Amino acid sequence: MITADSLTADQRRIVEWGDGPVVVIAGAGTGKTRVIVERVRWLLETKGAAANPADPLLPEHLLVLTYNVKAAKELQDRMDAAVGTATRARMTVSNFHSFCQRILTENAADAGLPPRPDVLDGVAQVLLLKDITQHR
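Residues numbered from 1 in each chain as written. Predicted model: local features only at pLDDT ≥ 70, side-chain atom pairs only at ≥ 80, totals over all residues. Heavy atoms only, no water.

## Section: the pattern of salt bridges
- Inspection of every chain in the model, using the stated rule, returns eight salt bridges.
- One salt bridge in this structure joins Arg 13 and Asp 10, with 3.8 Å as the shortest N-O distance. Of this pair, Arg 13 and Asp 10 both sit in helix H1 (residues 9–15), separated by three residues, roughly a single helical turn.
- In this structure, Glu 106 engages Arg 102 in a salt bridge whose closest nitrogen and oxygen atoms are separated by 3.1 Å. (Salt bridge = Lys/Arg side-chain N within 4 Å of Asp/Glu carboxyl O. Helix = DSSP H or I, 4+ residues; strand = E, 2+ residues; numbered from the N terminus.)

What follows is the structure, encoded as structure tokens:
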């Protein structure tokens, strides 16, 4: 469990926010990754099967998204250490782009998309916009 002196008051407030989603926006070196990892640990400890057998929060119920692949890998590694590899493997920990691409691919038929929909990267987006504006 998190001790009172291991987090700042603001960090602790985010970790122990309660039910529902939390968005953590802060500058470099402020402890964002630590706060997210501790939030996941806190949720599993206070709302998980051991604490709430009648209606437990399962790792499968958690979605942790971050801005890039490197940050997602760092979160996965830290969560492996915090909650164990088996528990972390049951969660979705990803970056926004990869998560959205997975959802599109898994649900392509329902959305009327080809089986492997293309997702444009930054360069392809710029080229598409140039092409669209040139043909107006």
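## Observations concerning the side chain of Asn 95
- Within the secondary structure, Asn 95 is located in strand S2 (residues 92–95).
- The exposure class of Asn 95 is buried, given its relative accessible area of 7%.
- Polar contacts involving the side chain of Asn 95 include one to the side chain of Ser 98, which spans 2.6 Å.
- Contacts of Asn 95, omitting those with residues within four sequence positions, involve Leu 65, Thr 66, Tyr 67, Asn 68, Val 69 and Ala 72. (Buried < 20%, exposed > 50% of the residue type's maximum accessible area, 1.4 Å probe, protein only. Polar contact = N/O pair within 3.5 Å; in protein donor to acceptor, adjacent residues only side chain to side chain. Contact = heavy atoms within 4.5 Å.)

## Details of the pairing of S2
- Along S2, one buried face is formed by Thr 92 and Ser 94 and the opposite face, lined by Val 93 and Asn 95, is buried too.
- Note: strand S1 (residues 63–66) against S2, four bridges, orientation parallel. Bridging from a neighbouring strand, Val 64 pairs with Val 93 of S2. (Pairing = 2+ DSSP bridges.)

## Considerations on the confidence of the model for the chain
- Overall, the predicted model of the chain reaches an average pLDDT of 91, with 96% of residues at or above 70.
- In the model of the chain, helix H6 (residues 122–134) stands out as the element of lowest mean pLDDT, 89, in contrast to helix H4 (residues 85–89), which has the highest, 97. (pLDDT = per-residue confidence, 0-100.)

## Digging into the nonpolar core
- Of all hydrophobic cores here, the largest spans 15 residues; its most connected members are Val 40, Leu 62, Val 64, Leu 75, Met 79, Met 91 and Val 93.
- Contributions of two or more residues to this core are made by helix H2 (32–47) and helix H3 (69–83).
- The biggest single contributor to this core is H2, with six residues.
- In this structure, Met 91 is in contact with Val 40, Leu 44, Pro 59, Leu 62, Met 79 and Val 83, ignoring residues within four places of it in sequence. (Core = buried A, V, L, I, M, F, W, Y, C linked by side-chain atoms within 4.5 Å.)

## What to know about the environment of Ile 36
- With respect to the element layout, Ile 36 can be found in helix H2.
- For the pair formed by Ile 36 and Gln 11, sequence separation is 25 residues and the distance between their alpha carbons is 9.4 Å.
- Ignoring any residue separated from it by four or fewer positions in sequence, one finds Ile 36 in contact with Val 24, Val 64, Leu 75 and Met 79.

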